[in-house]
Amino acid sequence: MEQEHTKFLLETNFICDNHKRVLLLFNDFFIIGKAHRNGQLKVKEKIELQVVFYETVKTDPTALVLKTPYGVYNLSGTAQDVKTWVEHLEEYLPSRKRNPTFGRSIKEILEREGTEGEIPSIVTQCLNCIIDQGGLKTEGLFRISGERTEITALKELFDNYSEKERDLTKYNIHAICGVLKLWFRELPEPLMPFSLYDKIVHLERENPDDKLEQYTTDIMPNLGETRPTLEYLIRFLRQMCENSAANKMSASNASIVFGPTLVRAKVETIETTLNSPIVNSSVQVLIENFDHLFGTKSD
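So, here's what we can say about the structure. (Residues numbered from 1 in each chain as written. Predicted model: local features only at pLDDT ≥ 70, side-chain atom pairs only at ≥ 80, totals over all residues. Heavy atoms only, no water.)

Here we come to the overall build of the chain. The secondary structure content of the chain amounts to 13 helices and 7 strands. Once the C-alpha set of the chain is aligned to its principal axes, its extents read approximately 75 × 40 × 40 Å. In the chain, which comprises 299 residues, the proportion classed as buried is 47%. At a minimum sequence separation of 6, the contacts of the chain that also span at least 24 residues come to 61%. (Helix = DSSP H or I, 4+ residues; strand = E, 2+ residues; numbered from the N terminus. Buried < 20%, exposed > 50% of the residue type's maximum accessible area, 1.4 Å probe, protein only. Contact = heavy atoms within 4.5 Å.)

Dropping the structure here:
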């Protein structure tokens, strides 16, 4: 995405949560600072506009509320200062194209995105960003937790902006992995549909000699609309595992991370919890037999 040059817009004194603060507004971020007697400004926080929402208070024209994934800031100033800030926020906040992504079905997301692709943009954008930033050699990929504030900010980003409006390059790779895992976990139905759960558990428990062929005939043809997304993810996981000497993520480790997310029962019970090692092994089968099961070659 093409970046425009940073431009200074406003400097205003506000009372922020009962403290005197100086707020500096730029075209792509704002700063909350504390003025010192020597005229210098100590920066307390710097927040990107792409994750900012604002609210005015109908009964109080001197009040302004800024909401971000990091906190809520209650500002108080002159009515004119509030009006000026609102005018500038209206102009410079990214357009709010509501894009609910978490907890929605793949079908709904694809219909809303209106693209020719069969894979939600959150999947392609996150995985491409990981690759572009050299993440395949990052130790603990998808295993090490990202910062909660960054994951929250990313979730806000995906739920409110289209792909062309999102810039992931400023976020830590572990946070990007974390938000993608969260999206998979919150899907109404996992990538391996509920209807296949019992078949998968049976196959892995019995482990017949023709298990791979049974995957080919009984599992893969019945994935439905989730197949392109699953194929895209498993292709990436195989590529990640090929770099396990650096990232420490073998096929076994990757399956432990993704098993409970990709293969789960419609109703969770103690028995399904005990089945975790079994469903994990099914994901390992997909990774280690990618070409055979998906009938394609990875790049």
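Here we come to the pattern of salt bridges. The tally for this structure, following the rule as stated, stands at 9 salt bridges. For Glu108, the salt bridge is made with Arg112, and the minimal N-O distance between the two is 3.9 Å. One end of the pair, Glu108, and the other, Arg112, are both in helix H2 (residues 106-113), 4 residues apart, so they sit about a helical turn from each other. A relative accessible area of 29% means that Arg112 is categorised as partly exposed. One salt bridge connects Lys211 with Glu204, and the closest N-O pair in it is separated by 3.2 Å. By the burial criterion, Lys211 is buried, and Glu204 matches it. The network of salt bridges with shared partners includes Arg104, Glu108 and Arg112. (Salt bridge = Lys/Arg side-chain N within 4 Å of Asp/Glu carboxyl O.)

In this section: the packing of aromatic side chains. Any pair of aromatic rings gets described here by the distance separating the centres and the angle formed by the planes. Per the counting criterion, the structure on display carries 8 aromatic pairs. Between the aromatic rings of Phe8 and Phe26, the centroid separation amounts to 5.4 Å while the plane-to-plane angle is 65 degrees, which identifies the pairing as edge-to-face. With Phe8 in strand S1 (residues 8-16) and Phe26 in strand S2 (residues 19-26), this residue pair connects regions lying 18 residues apart in the sequence. The class of Phe8 is partly exposed, set by a relative accessible area of 44%. Taken together, a centroid distance of 5.7 Å and an interplanar angle of 75 degrees make the contact between Phe14 and Trp85 edge-to-face. (Phe/Tyr/Trp six-rings, centres within 6.5 Å; stacked < 30°, edge-to-face > 60°.)

With that settled, consider the environment of Ile176. Of note, Ile176 is situated in helix H5 (residues 173-185). The buried category is assigned to Ile176, whose relative accessible area is 1%. A sequence separation of 25 residues divides Ile176 from Ile151, and the C-alpha atoms of the two residues are 7.1 Å apart. Non-local contacts of Ile176, meaning those with residues more than four positions away in its chain, are made with Cys126, Cys129, Ile130, Gln133, Leu154, Leu168 and Tyr171.

Bringing the side chain of Asn243 into the picture now. Assignment of secondary structure puts Asn243 in the loop between helix H8 (227-241) and helix H9 (244-247). Engagement of the side chain of Asn243 in a polar contact is seen with the side chain of Lys137, the distance being 3.0 Å. Discounting chain neighbours no more than four positions away, the residues touching Asn243 are Leu136 and Lys137. (Polar contact = N/O pair within 3.5 Å; in protein donor to acceptor, adjacent residues only side chain to side chain.)

Taken in spatial order, the 7 strands make up an open sheet running S4-S3-S2-S1-S7-S6-S5, and their pairing is antiparallel. One side of each edge strand has no neighbouring strand; the edge strands of this open sheet are strand S4 (41-48) and strand S5 (53-57). Going across the sheet, the axis of each strand differs from the next one's by a mean of 35 degrees, ignoring polarity. (Pairing = 2+ DSSP bridges. Axes fitted to C-alpha atoms, helices over the stretch in contact; angles between N-to-C directions.)

Here we take up the pairing of S4. In the sheet, strand S3 (residues 29-35) pairs with S4 via 7 bridges, with the strands oriented antiparallel. Paired with Phe30 across the bridge in S4 is Ile47. Counted along the chain from S3 to the antiparallel partner S4, the turn is 5 residues long, and its residue Gly39 has a positive phi close to 90 degrees.

So, about the packing of helix H6 (residues 197-206) against helix H7 (residues 211-219). Packing of H6 against H7 brings their axes to within 11 Å, and their N-to-C directions diverge by 170 degrees. By the angle between their directions, the pair H6 and H7 is classed as roughly antiparallel. Each of Lys199, Ile200, Leu203 and Glu204 in H6 lies in contact with H7, whose residues at this interface are Lys211, Gln214, Tyr215, Asp218 and Ile219. Considered class by class, the residues forming the contact of H6 with H7 number 4 nonpolar, 1 polar and 4 charged. (Parallel < 35°, antiparallel > 145°, perpendicular 65-115°, else oblique. Nonpolar A, V, L, I, M, F, W, Y, C, P; charged D, E, K, R; others polar.)

If you trace the backbone, Asn247 turns up in helix H9. Those residues within four positions of Asn247 in sequence are excluded, and the remaining contacts are Leu136, Lys137, Thr138, Glu139, Gly140, Leu141 and Met240.

This part covers the packing of helix H3 (residues 121-132) against H8. Running from N to C, H3 and H8 cross one another at 15 degrees; their axes reach a closest spacing of 11 Å. Taken together, the axes of H3 and H8 are roughly parallel relative to one another. At the point where H3 passes H8, the crossing takes the left-handed sense. Together, Val123, Thr124, Leu127, Asn128, Ile130 and Ile131 of H3 and Thr229, Tyr232, Leu233, Phe236 and Gln239 of H8 make up the contact between the two elements. Taken together, the residues of the contact of H3 with H8 break down into 7 nonpolar, 4 polar and no charged. (Left-handed = near helix turned anticlockwise from the far one by under 90°.)

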